[in-house]
Amino acid sequence: MAQAHPNISENRPVIRQLDDAAINRIAAGEVVERPASAVKELVENAIDAGATRVAIDIADGGKTLIRVTDDGCGIAAEDLPLALSRHATSKIDGSDLLNIHTFGFRGEALPSLGAVGRLTITSRVSGGEAASIQVAGGRMDGVKPAALRAGTVVELCDLFFATPARLKFMRTDRAEAQAINDTVKRLAMAEPAVTFTLRDVSGGGEGRVTFRADRENGDLFDALHARLARVIGREFAENALQIDATREGIRLYGYAALPTYSRGAAVAQYLFVNGRPVRDKMLTGALRAAYFDFLSRDRHPAAALFIDCDPTLVDVNVHPAKSEVRFRDPGVARGLIVSALRHALAEAGHRASSTVANATLGAMRPEPAQPTPARVYQMDRPSPSARQAAYQAQAPGFAELSQDYSGNVVEPGPVPTAEAPVEDLPLGAARGQVHENYIIAQTADGMVIVDQHAAHERLVYEKLKKQMAENGVAAQALLIPEIVELSDSDCARLMQVADDLTKLGLTIEPFGGGAVAVRETPAILGEVDARAMILDILDELADQGESQTVQARIEAILSRVACHGSVRSGRRMRAEEMNALLREMEATPHSGQCNHGRPTYVELKLSDIERLFGRS
């Protein structure tokens, strides 16, 4: 039995002009995906209006109520009906769609929201009278007088009541409220000079404040640092490196966390272009590439990065929700991110995340069996003269402790100079070795515990990388070139990065049709399955626009060589060896973490140690 073709009909299809209500509902499907999308559009309008305070009230995850109140410039009463018309906006004149300096510019958000919900706008401009207008399901009422001191209040009720099918795709109230919270936080990061308040008023009443960020003062970096501490967390701010770099008219600034402050998923990566939050594969790929050599595959960096450039260098009109952008020269933006982050990480030297020490102290604190208040012992730290007298009065075996808090190492290390005592150096002076693996060092205000194998492994690894960078990657020629058959598009994509692959020791040439010939492979890799490597490279190019496959394999070999060539666990070290290792760590970039992103040392402050023993 013949089956009817679904795209063939006996009746000729007729082209119709849709009415405005249908057009607005279709536009709403693109712009307003969920309540968080509506909040984003309304808050961006408030920021474009010059608001310094933005308050957002939601109920039932934004499904029944979204109210955004701002103290911006407002909308004149005679302009309110026009504000609810499609493609009516005060932000551009339509002559240049690339020179955009505001969040919004299409004039679609308000009419789209009015088409799928019950929308009320109340506004007042300086020197004018307040007015209000309502639209429900695309049907607009007239402008009415209203009471409002200044600014604008936009209230959206019963979102998607005019398109009930969309309601079936909404998630739980809690999930939608969390999405709104995340959206407001992203917008708050980009505007530290604006006060944001998010309140859940489900069930009536004043509700509860779920997020608040007061206006931050100070210069750009001080205000941004304080805002990120409020939004992302104090730990991120304490372990973040300041980024500020410029290349070819593009400026990158913000904060990026140390590799030892990494996350199990890419949930703490915030990227902004001209103040606009974006989720762009090219930018996230550049961030991942910058940390490529410091984190294992299952760890992800944390960062809040802002790119500012002339609006004509970036196209923001490539996505309905404007969450993706397209740079005129994406290579410049990507290279700027990678080089700026790597430079900042190198400048950080041996620094490791403070969360490592916090976790160590947490593991040391005993958990009380009963919730009884801890006793605090008031103890005064003895003066040097008092310690000297106490030591002399004790057994002769303790006399050697007179110079230090802890026991000396068996063999004395290098004599510190009068100008810079060893204890005043960042990693201090070695005082001993425990379990033939951990070096105990004393600093001016605490102590450091070093994993000797992990630390030396990183030092050797950095030396090997430096040698490879100076001398290049040695290539081994294949006696018989390996031919890899590909599609024409894959072959073209691969040949675009052929020069970069050659620098890494992988030489490829076109071989007619869609085939490529692999003539040389990196010598350090030994015997290589060239076809599998080529396919892996293509997969990365298709997914991320770049490939780290060859470099990753080479550096994995260097890492293994470094592991075998470093000081082994279980080896006893002399005092001068331990101190030499500490000094080399201080002088070597990235020595604060091993080749897998784990810390190489833990620093404990004396005040924290004293609290462990009940001192105050």
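Below is a short write-up of the structure. (Residues numbered from 1 in each chain as written. Predicted model: local features only at pLDDT ≥ 70, side-chain atom pairs only at ≥ 80, totals over all residues. Heavy atoms only, no water.)

Structural notes on the overall build of the protein chain
Cut-off, in case you're wondering: Secondary structure follows DSSP: runs of H or I at least 4 residues long count as helices, runs of E at least 2 residues long count as strands, and numbering of each begins at the N terminus. In this scheme, a residue with accessible area under 20% of its type's maximum is buried, one over 50% is exposed, and one in between is partly exposed, where area comes from a 1.4 Å probe on protein chains only. In what follows, a contact means two residues having at least one pair of non-hydrogen atoms within 4.5 Å. Here the accessible surface of atoms and residues is derived via Shrake-Rupley with a 1.4 Å probe, and residues count as covered only by protein chains that are part of the display.
Each helix and strand in the protein chain was counted, giving 19 helices and 23 strands. Looking at the protein chain as a whole, 47% of its 616 residues are labelled buried. Restricting to contacts in the protein chain with at least 6 residues of sequence separation, those with at least 24 account for 69%. Total accessible area on the protein chain stands at roughly 32,000 Å², and carbon and sulfur atoms take up 51% of it.

Quick word on unusual backbone geometry
A positive phi angle, near 55 degrees, is found at His 435, a position not held by glycine. Tracing the backbone shows His 435 in the loop between strand S17 (429–434) and strand S18 (438–443). A positive phi is found at His 590, a non-glycine position, where the angle reads about 65 degrees. Mapped onto the secondary structure, His 590 falls in the loop between helix H18 (575–587) and strand S23 (601–605). For His 590, a relative accessible area of 9% translates into the label buried.

A word on the pattern of salt bridges
For clarity, the cut-off: By convention in these notes, a salt bridge is any Lys or Arg side-chain nitrogen within 4 Å of a carboxyl oxygen on Asp or Glu.
Applying the stated rule across the entire model yields 21 salt bridges. Salt-bridge contacts for Arg 279 lead to Asp 182; the nearest nitrogen and oxygen are separated by 3.5 Å. Of this pair, Arg 279 sits in the loop between strand S13 (276–278) and helix H9 (281–290) while Asp 182 is found in helix H6 (residues 173–190), placing the two residues 97 residues apart along the sequence. The closest approach of N and O atoms between Asp 244 and Arg 251, which form a salt bridge, is 3.1 Å. Three or more residues joined by partner-sharing salt bridges are found here, namely Asp 57, Arg 67, Glu 155 and Arg 199.

What about the sheet that holds S18?
Quick note on the threshold: At least two bridges found by DSSP between two strands are what make those strands a pair. To get an axis, a line is fitted to the C-alpha atoms, and for a helix only the part in contact is used. The angle between two axes follows their N-to-C directions and goes from 0 to 180 degrees.
With antiparallel pairing, 4 strands are arranged side by side in an open sheet as S17-S18-S19-S23. The open sheet has two free edges, formed respectively by S17 and S23, since each of these has just one partner strand. This sheet shows a mean twist of 20 degrees between the axes of neighbouring strands, independent of strand direction. One ladder, built from 5 bridges, connects strand S19 (residues 446–451) with S23; its direction is antiparallel. Note that in S23 the partner of Met 447 across the bridge is Leu 604.

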